[in-house]
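Working through the structure, step by step
The lines below spell out each chain.
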Amino acid sequence: MSSIIQLLPDHVANQIAAGEVVQRPASVVKELLENAVDAKATDIKLIIKDAGKALIQVIDNGVGMSVTDARLCFERHATSKIRQAEDLFSIHTKGFRGEALASIAAIAHVEMKTKQDQEELGNHIIIEGSKFVSQEPAVLPKGTSFAVKNLFYNIPARRNFLKSDTVEFRHVLDEFQRVALAHPNIYFTMYHNGSEMFNLPNSNLRQRIVTIFSGKTNEKLVPIQEHTDILSIQGFVGKPEFAKKNRAEQFFFVNDRYIRSNYLHHAVMNAYEGLLPNGAQPSYFIYLNVPPHTIDINIHPTKTEIKFDDEQALYAILRSAIKHSLGQFNVVPILDFDRDPNLDTPYDYQNKSAEYPTVQVDRTFNPFSDEKPTHSNSSGSTSSSFKKVDTTQNWESLYVGLKQDTFEIDNFSIENDEVTASFFDEKEEEQVAKHTYQIQKKYIVSPIKSGMVIINQNRAHQRVLYEQLLTNMTVQQASSQQLLFPLQVSFSVNELKIISELQPALETIGFVFSWESEELNILGIPSNTTESEVKLVLEQLVSDLQDGIPDSSFSQNDTIAKSMAKSLAVKTGMYLTEKEQENLVNNLFACKEPNVSPFQKPTFITMRVEDIDKRFTL
Ligand code: ADP
Ligand code: MG
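Description of the structure in this document.

Scoring rules and cut-offs
- Residues numbered from 1 in each chain as written.
- Chains lettered and ligands numbered in written order.
- Predicted model: local features only at pLDDT ≥ 70, side-chain atom pairs only at ≥ 80, totals over all residues.
- Heavy atoms only, no water.
- Helix = DSSP H or I, 4+ residues; strand = E, 2+ residues; numbered from the N terminus.
- Buried < 20%, exposed > 50% of the residue type's maximum accessible area, 1.4 Å probe, protein only.
- Contact = heavy atoms within 4.5 Å.
- Areas by Shrake-Rupley, 256 points an atom, 1.4 Å probe, with all protein chains shown as cover.
- Near = heavy atom within 4 Å.
- Polar contact = N/O pair within 3.5 Å; in protein donor to acceptor, adjacent residues only side chain to side chain.
- Nonpolar A, V, L, I, M, F, W, Y, C, P; charged D, E, K, R; others polar.
- Expected span 1.5 Å × (residues − 1).
- Pairing = 2+ DSSP bridges.
- Phe/Tyr/Trp six-rings, centres within 6.5 Å; stacked < 30°, edge-to-face > 60°.
- Axes fitted to C-alpha atoms, helices over the stretch in contact; angles between N-to-C directions.
- Parallel < 35°, antiparallel > 145°, perpendicular 65-115°, else oblique.
- Salt bridge = Lys/Arg side-chain N within 4 Å of Asp/Glu carboxyl O.

Observations regarding the overall build of the protein
- When helices and strands are counted, the protein shows 18 helices and 24 strands.
- Relative to its 618 residues, the protein shows a buried fraction of 51%.
- Considering only contacts within the protein whose residues lie at least 6 apart along the sequence, 68% involve residues at least 24 apart.
- In the form shown here, the protein has an accessible surface area of approximately 29,600 Å², with 51% of it arising from carbon and sulfur atoms.

Spelled out as structure tokens, the structure:
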């Protein structure tokens with residue numbers, strides 16, 4: 001039988017290897033930045049076009065390469081960083097596999113210029129799909145420049161697999177930030193489509209963090225420090241009151257390499273125990289230094305996971321270091337419940353009596369009275385405007401003897417809310433009016449003609465807000481409350497980008513923004529939002545959109561409305577006055593789709609008298 005095994009040609013092997021090393025533009029960014037760091041550069045520029053799909057260029061002032069190395073570096077397993085197996089246990093560089101450049105050159109058009117300090121001339125190499133196109137001497141400054149164009153040009157399947165520019169750009173930013181945070185002593189700049197995104201002069205760690213994540217970050221940070229035989233820890237953790245909704249500001253570095261570790265994350269969370277509300281995420285920038293032989297960075301091809309020799313000890317040391325800092329820097333007492341609330345309130349509002357913050361509905365409207373009220377939208381929002389029309393909706397079929405009526409959203413005044421009233425047995429109206437009950441600060445129970453209805457207050461309010469917000473976005477008539485003092489909410493560059501992309505949609509619901517260089521000022525907020533909620537609302541929104549802003553404006557609006565409804569809805573555990581309960585019930589049943597929350601969960605259930613009867617006959 002003839003033999004069938006063959007060695008793969010290099011360019012095929014390289015393309016296969018590229019699948020592991022290069023998933024997306026961000027992978028190239030990471031490899032090139034790391035090579036520049038390994039080359040001892042003190043000034044590194046990243047230039048990208050179209051989120052890296054068209055161009056990724058990294059220019060460094062590092063050691064450069066000789067003529068021979070300039071050619072050799074594109075070979076597979078060509079590295080200057082290790083020579084023998086033992087070296088694997090004392091790695092001080094980012095790279096060591098010698099795979100990155102071979103892989104990148106297999107799937108893109110690459111142009112490299114490099115010059116060593118002592119040489120007169122440098123080298124200019126063009127390589128496309130693993131084939132050398134040209135190599136020439138050239139007059140160049142010291143260092144190396146890599147330009148990677150048309151990524152995956154020869155693998156259309158991979159190219160099509162790339163996500164939208166917004167998503168790919170975010171991945172690039174993540175990689176850039178990780179490298180920049182790991183090396184505050186290097187000057188980094190980044191440009192996207194010709195505009196400067198970051199300019200990070202060399203500095204100390206704290207300044208680096210603050211320049212990347214906006215000036216406000218400074219006051220949030222608490223230093224941590226610990227030195228033991230097996231490791232040293234330094235860095236910063238965020239004060240609990242600045243905790244975020246998402247994990248965007250959580251970083252571990254081990255020996256200056258960004259890593260992910262659920263185990264260490266758990267240690268951090270453990271240190272914050274009791275200090276954070278449910279689901280809140282503290283910021284942290286934690287730098288661990290361990291002897292290289294005690295870690296194995298070899299377990300993941302893109303090297304963001306590593307294995308430690310003595311994980312349990314690390315866990316304990318890290319946890320206690322953070323606990324210590326949070327205590328030492330008096331972070332715990334900052335959760336000050338006695339703080340004078342007036343300090344947080346604009347003058348105009350100080351003398352106002354407290355109002356229930358989230359359920360801002362039409363308080364004059366009593367669905368239980370016979371009168372047909374005329375509503376001039378006393379809710380302070382243009383949103384709860386519904387107009388009755390005669391079409392059929394299915395939720396009402398739940399109720400025996402009710403008219404098949406429903407509402408259509410209209411941006412003017414409410415004309416008629418008869419249906420809501422007729423929802424309840426007419427003879428019982430007087431009585432029923434006094435009979436919505438809140439149970440466990442979670443459900444609202446109310447008698448109806450056929451039995452009773454049990455409403456989940458949180459989901460019901462989500463539904464109401466969701467439809468209001470969508471209406472506002474569609475009719476673009478939301479009212480906005482102007483803030484006395486512009487509100488500055490600090491966001492990272494990533495987050496600001498998301499907000500700026502959503503700005504038109506957010507303005508339709510009442511936000512008014514102004515940008516001062518990189519700072520976002522909020523001048524107006526939607527009328528159903530309070531100033532203290534704004535930060536939360538925007539953070540939630542950004543967090544819900546981390547994986548990309550939907551392309552169509554329809555689904556963009558939908559995402560915003562869902563996210564805001566989630567943030568603003570009354571929560572389980574909130575007490576509602578009788579009036580508020582009634583309003584919520586009314587508004588719910590004035591919705592187009594009252595029976596499910598925006599997240600398709602049931603908002604209420606009904607129990608018919610027959611069902612109740614049955615229970616008693618058991
Ligand atoms: P690795 O980084 O794992 O060694 P790479 O394929 O990324 O493998 O790079 C191969 C070699 O090319 C490196 O070991 C280094 O000697 C050289 N090299 C790559 N980038 C640069 C750079 N920016 N400046 C100087 N030398 C570089
Ligand atoms: Mg490398």
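Moving on from the model shown.
Some words on the site of ligand 1
- Close to ligand 1 lie 19 residues; Asn35, Thr79, Ser80, Lys81 and Gly98 are nearest.
- Residue Ser80 places a side-chain N or O atom 2.5 Å away from an oxygen atom belonging to ligand 1.
- In the model, an oxygen atom of ligand 1 is placed 3.3 Å from a nitrogen or oxygen of the Ala100 main chain.
- Contact with the protein chains hides 93% of the accessible area of ligand 1, taken as 530 Å² for the molecule alone.
- Those elements that provide at least two residues to the shell around ligand 1 are helix H4 (100–106) and strand S6 (143–149).
- For the shell around ligand 1, the per-class residue count stands at eight nonpolar, seven polar and four charged.

Considering helix H9 (residues 311–328)
- With 18 residues, H9 extends 25 Å from end C-alpha to end C-alpha; this agrees with the ideal 26 Å at 1.5 Å per step.
- Inspection of H9 places Leu314, Tyr315, Ile317, Leu318, Ala321, Ile322, Ser325 and Leu326 among the buried residues, and these make up the whole buried set.
- Close packing links the buried residues of H9 with strand S9 (221–227), strand S10 (232–238), strand S11 (250–254), helix H8 (262–271), strand S13 (284–289) and strand S15 (307–308).

Some details on the side chain of Ser261
- By secondary structure assignment, the location of Ser261 is in the loop between strand S12 (257–259) and H8.
- Reaching out from Ser261, the side chain makes a polar contact with the backbone nitrogen of Leu264 at a distance of 3.0 Å.

Structural notes on the pairing of strand S2 (residues 55–60)
- The buried fraction of S2 is high, at five of six residues.
- Where strand S1 (residues 43–49) lies against S2, six bridges are found, and the strand directions are antiparallel. Residue Lys49 lies in a different strand from S2, and its bridge partner there is Leu55.
- In textbook terms, the turn of a hairpin is the stretch between consecutive antiparallel strands, and for S1 and S2 this stretch comprises five residues, one of which, Asp50, has a positive phi near 50°.
- Of the pairings in the sheet, the one linking S2 to S6 comprises six bridges and is antiparallel in character. The partner of Val58 across the bridge, within S6, is Phe146.

With respect to the packing of aromatic side chains
- Evaluated as defined, the whole model comprises 15 aromatic pairs.
- Judged by centre distance (6.2 Å) and plane angle (70°), the ring pair of Phe74 and Phe146 falls under edge-to-face. With a gap of 72 residues between them, Phe74 in the loop between helix H3 (67–72) and H4 and Phe146 in strand S6 connect regions that are remote in the sequence. The exposure classification of Phe74 matches that of Phe146, with both residues buried.
- Considering the side-chain rings of Phe251 and Tyr258, the 6.1 Å spacing of their centres and the 70° angle between planes classify their relative orientation as edge-to-face.
- Residue Phe251 is classed as buried on the basis of its relative accessible area of 4%.
- The class of Tyr258 is buried, set by a relative accessible area of 14%.

Side note on the packing of helix H14 (residues 493–508) against helix H16 (residues 553–568)
- Where H14 meets H16, the closest approach of the two axes is 11 Å, and the angle between their N-to-C directions is 75°. In this view, H14 runs roughly perpendicular relative to H16, as classed from their interaxial angle. Counting all contacts with H14, which are made through Leu502, Ala505 and Leu506, the residues of H16 involved are Gln556, Asn557 and Ile560.
- Its residues assigned to classes, the contact of H14 with H16 shows four nonpolar, two polar and no charged.

Observations concerning the pairing of S13
- Most of S13 is tucked away: five of the six residues are buried.
- The pairing of S10 with S13 spans six bridges and is antiparallel. Bridging from a neighbouring strand, Gly235 pairs with Ile286 of S13.
- Here S11 runs beside S13; their pairing, made up of five bridges, is parallel. The residue of S13 that forms the bridge with Gln250 is Tyr284.

Some points on the sheet that holds S11
- Pairing in this open sheet of five strands is mixed, and the strands run S9-S10-S13-S11-S12 from one edge to the other. The two strands at the open ends of the sheet, each matched to only one other strand, are S9 and S12. Each adjacent strand pair in this sheet contributes to an overall mean axis angle of 20°, direction not counted.
- Taken together, the seven bridges between S9 and S10 define a ladder with antiparallel strand orientation. Looking at S10, one finds that Pro223 is bridged to Phe236.
- Contacts from helix H6 (residues 165–182) reach S11, S12 and S13, with the element oriented near 55° to S11.

Side note on the pattern of salt bridges
- Following the criterion strictly, the structure yields 15 salt bridges and no others.
- Between Glu539 and Lys535 there is a salt bridge, and its shortest N-O distance comes to 2.8 Å. Of this pair, Glu539 and Lys535 are both found in helix H15 (residues 531–544), four residues apart, which corresponds to roughly one turn of the helix.
- A relative accessible area of 34% places Lys535 in the partly exposed class.
- A salt bridge links Asp544 to Lys566; the nearest nitrogen and oxygen atoms lie 3.3 Å apart. Of this pair, Asp544 sits in helix H15 while Lys566 sits in helix H16; the two residues are 22 residues apart in sequence, bridging distant segments of the chain.

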